[in-house]
Amino acid sequence: MDQYDGDEDYMPQEDDWDRDMLLDPAWEKQQRKTFTAWCNSHLRKAGTQIDNIEEDFRDGLKLMLLLEVISGERLAKPERGKMRVHKISNVNKALDFIASKGVKLVSIGAEEIVDGNAKMTLGMIWTIILRFAIQDISVEETSAKEGLLLWCQRKTAPYKNVNIQNFHISWKDGLGFCALIHRHRPELIDYGKLRKDDPMTNLNTAFDVAEKYLDIPKMLDAEDIISTLRPDEKAVMTYVSCYYHAFSGKQKAETAANRICKVLAVNQENEQLMEDYEKLASDLLEWIRRTIPWLENRLPENTMQAMQQKLEDFRDYRRLHKPPKVQEKCQLEINFNTLQTKLRLSNRPAFMPSEGKMVSDINGAWGSLEGAEKGYEEWLLNEIRRLERLDHLAQKFRQKAAIHEAWTEGKEEMLQKRDFETASLSDIKALLKKHEAFESDLAAHQDRVEQIAAIAQELNELDYYDSPSVNARCQRICDQWDALGAMTQKRSEALQRTEQLLETIDQLYLEFAKRAAPFNNWMEGAMEDLQDTFIVHTIEEIQGLSTAHEQFKATLPEADKERQAILGIHNEIAKIVQTYHVNMAGINPYTTINTQEINAKWDKVKHLVPQRDQALIEEHARQQNNERLRRQFANQANVIGPWIQTKMEEIGRISIEMNGTLEDQLTHLRTYEKSIVNYKPKIDQLEGDHQLIQEALIFDNKHTNYTMEHIRVGWEQLLTTIARTINEIENQILTRDAKGISPEQLSEFRSSFNHFDRKRTGIMDAEDFKTCLISVGYNLGENEFSRIMSIVDPNRMGLVTFQAFIDFMSRETADTDTADQVMASFKVLAGDKNYILADELRRELPPDQADYCIARMAPYTGPDGVPGALDYMSFSTALYGESDL
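Residues numbered from 1 in each chain as written. Predicted model: local features only at pLDDT ≥ 70, side-chain atom pairs only at ≥ 80, totals over all residues. Heavy atoms only, no water.

A.B. asks: An account of the overall build of the protein is requested, with residue identities and associated values reported.
C.D. replies: Looking only at helices and strands, the protein has 30 helices and six strands in total. For the protein, the proportion of its 885 residues judged to be buried stands at 41%. Considering only intrachain contacts with a sequence separation of at least 6, the fraction spanning at least 24 residues in the protein is 72%. Approximately 49300 Å² of the protein is accessible, and the part contributed by carbon and sulfur atoms is 51%. (Helix = DSSP H or I, 4+ residues; strand = E, 2+ residues; numbered from the N terminus. Buried < 20%, exposed > 50% of the residue type's maximum accessible area, 1.4 Å probe, protein only. Contact = heavy atoms within 4.5 Å. Areas by Shrake-Rupley, 256 points an atom, 1.4 Å probe, with all protein chains shown as cover.)

A.B. asks: Break down the packing of aromatic side chains for me, with residues and values.
C.D. replies: Inspection of the entire model under this criterion finds 27 aromatic pairs. Arranged with centres 5.3 Å apart and planes meeting at 85°, the rings of Phe207 and Tyr239 form a pair that is edge-to-face. Linking Phe207 in helix 10 (residues 199-213) with Tyr239 in helix 12 (residues 233-295), this pair joins segments that are 32 residues apart in sequence. Neither residue differs from the other here; Phe207 and Tyr239 are each classed as buried. One residue, Arg131, lies across the ring of Phe132, its end atom 5.2 Å from the ring centre. Sitting over the ring of Trp407, Lys411 keeps its end group 4.9 Å from the ring centre. (Phe/Tyr/Trp six-rings, centres within 6.5 Å; stacked < 30°, edge-to-face > 60°. Lys NZ or Arg CZ within 6 Å of the ring centre and 35° of its normal.)

A.B. asks: Explain helix 19 (residues 556-580) to me, using residue names and the numbers behind them.
C.D. replies: When the terminal C-alpha atoms of helix 19 are compared, their 37 Å separation across 25 residues agrees well with the 36 Å that a helix rising 1.5 Å per residue should span. Buried within helix 19 are the following residues: Leu556, Ala559, Arg563, Ile566, Leu567, Ile569, Ile573 and Ile576. Just downstream of helix 19, His581 is the residue with a positive phi angle, here 55°. (Expected span 1.5 Å × (residues − 1).)

A.B. asks: Got a sec to walk through the side chain of Asn166? Specific residues and values, please.
C.D. replies: Within the fold, Asn166 resides in the loop between helix 8 (144-156) and helix 9 (175-184). Here the side chain of Asn166 touches His168 through a polar contact of 3.1 Å, landing on its backbone nitrogen. From its side chain, Asn166 meets the backbone nitrogen of Ile169 in a polar contact 3.3 Å long. With residues near it in sequence (within four places) discarded, Asn166 still touches Leu149 and Trp171. (Polar contact = N/O pair within 3.5 Å; in protein donor to acceptor, adjacent residues only side chain to side chain.)

A.B. asks: Go over the pattern of salt bridges, please, and point to the residues and values.
C.D. replies: For the structure on display, the rule yields 48 salt bridges. In this structure, the salt-bridge partner of Glu377 is Arg318, at a minimum N-O distance of 2.9 Å. Remark: Arg318 occurs in helix 13 (residues 304-345) and Glu377 occurs in helix 14 (residues 359-408); sequence separation between them is 59 residues. According to the relative accessible area criterion, Arg318 is partly exposed, its value standing at 32%. A salt bridge links Glu503 to Lys429; the nearest nitrogen and oxygen atoms lie 2.9 Å apart. Of this pair, Glu503 sits in helix 17 (residues 467-531) while Lys429 is found in helix 16 (residues 425-461), placing the two residues 74 residues apart along the sequence. A relative accessible area of 30% places Glu503 in the partly exposed class. Taken together, the shared-partner salt bridges connect Arg318, Lys322, Glu370, Glu373 and Glu377 into one network. (Salt bridge = Lys/Arg side-chain N within 4 Å of Asp/Glu carboxyl O.)

Here's what the structure looks like:
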């Protein structure tokens, strides 16, 4: 395989071509067509062409001709013979020429070309294409393939849907070829109508336009490119290189033409710059000549407004007229320098302006303009400062005069008011404070009046044009100022005189208020107390109220003296008002109480005193009757209450001690019950006394601690207790007879119960009952105790009565005796077997004992799983439980 040393970047691709490309028939077909068309594009310049690339180059003649056309050089004279040796000689001459151009050929010999080896022939043509069509391509420091690829990327970058990354699949849609043509010859293709999904149209359009307008022959078939998964890279690269050479040649021609046009344009531009300089210099010098006289005019104005207008005109000159001229001057210098530089670069003589229009001449005239401008500005500012001083003084005078006149407006009317004649003391004090503040304000304005006079004097000295009006206004201000001072002094004296008079009256008002207020409060409290509806429950309370009322009546003469003194203060105030003709503006400011109100309340107090006397007498009589009722009830309650308590204690002792037989105890209790019932009339009599107390609304009784409710509850408990005790004795008799309990056993049960009844209530709680059971030999677990409590306390009250205790103990005693009998029988019946059958029990024992034993032992099974057989251990467990095993 041949390799091209001058382009090392292509060595890997050549290896790929040698190993793979010609193995693919599609790629070989594309290379044949492309390389054939490329060779013909050059051979036609010599008036010939080839039809079959491997056959037409076998004699070496057209191969040598191709190299001469593309290189522009003459090769050695070819052999014209038809023999094989002549053909090999011609091919070797062509290969030697290729090698002389720096291309190293490997594995390509003349014999393979002469023999028509398609693979070697195509490889040789590709090497020629690389050397003469692609190697010299250079774009931004890249060459050969990379340069060609970069050129394609730069040219197609602005086009949508075009992304050239290689020389195979990037060109399949045809848009890359169309973009290259449109970029250089946009009139040949309407690129906007092309679609990426129509590659056949795109490729044929590009190939047809390139052949017709760019003289690039069709080297590729659209069908082959579309149908091939990966088009042949070398075929595409060869065809694309034709685009590069076609467009780069046109660009070189355009560059030469542009260079000539540029030289002509530069000359024309230089001439235009010369004309522009002359005109601009003339216009600028003329403007300077007209402006300097205006700036040298120093004629002053008489008014500030006129001088302000001059200053505004000067500012317009600075802001509007001069800046464009500054720009023109700067542009003039720039144009001059630019022109000289262009002439120097074009090897043309330097430009010489007309006389008086040199840059130095313009700079001199501009300096004179700026000197006049500076002097004019200084003169304007000085004149304005002078007039500004006069205007400032005049404005200051007018401002201070206006402020003073605004301040004095209404002041004369205020000072002439007689408002103090109807004012109260607080109003007078407020008017005095206000007048003092006015006097301070008046003194503060003294400086402003003096400043106004001083400014008027200065304006007169500076010969201000409006001095007469200033002097007249200043005189009016001074005259008004003197008048305000006199009126201020007069009003101050009147206010002080009125203040002294009203202070005397105010002291009397204050004294009246200080004494009238507590006296009025005393009368209101007295009226409230005298009219207060009292509620008493004891004779002591009504006696206390009567004593307090007598003490109150003793204070009335002293109170009347205080009333007379208060009325005397009011009379003194009336005398002062009448004597000094004081115009009182209102009532006493310290109180709302008046003499009419005091007299009215005093009369009412005197009227209420006898009414209170009568009410206290009537209430005293009622309380005496209530006290009699209390003592009557207490005398009976204090007897009945202890009697009931005593009887309750006696019944409790009887129920615990129970001396004698049950029948004797029952007889004794029934006799006791009858004596209690016979006491009922005394209870009824106490109920009658209690009803009288309720009707009299008596709610407490210090003579006894017993209430009717206590007596009723105690009486009911007494009747209930005796009845319950009798019932317990009757039940005990029934239990004794039914269970066959001996008197000794019953006595023992009573002793045990009373011992553990620690509270002596005739009822044991659960803990006391449990302790009692343990003391008589029970080994109790929690489950067993719960079972027993469910028997003696079915209502789950946590309490055990003596009757329930007797029932339980009598039942347990009976169960134990039966179990002992059955156990003895069991030992006799079992013999040596240690077990007995249920049928044997029924046969040997009485029916009740047999049934009892079998019922207790039903859950157990005999030894060896014999049904109905009971051993000793099962029998014992059934009777006594697990704890006794």
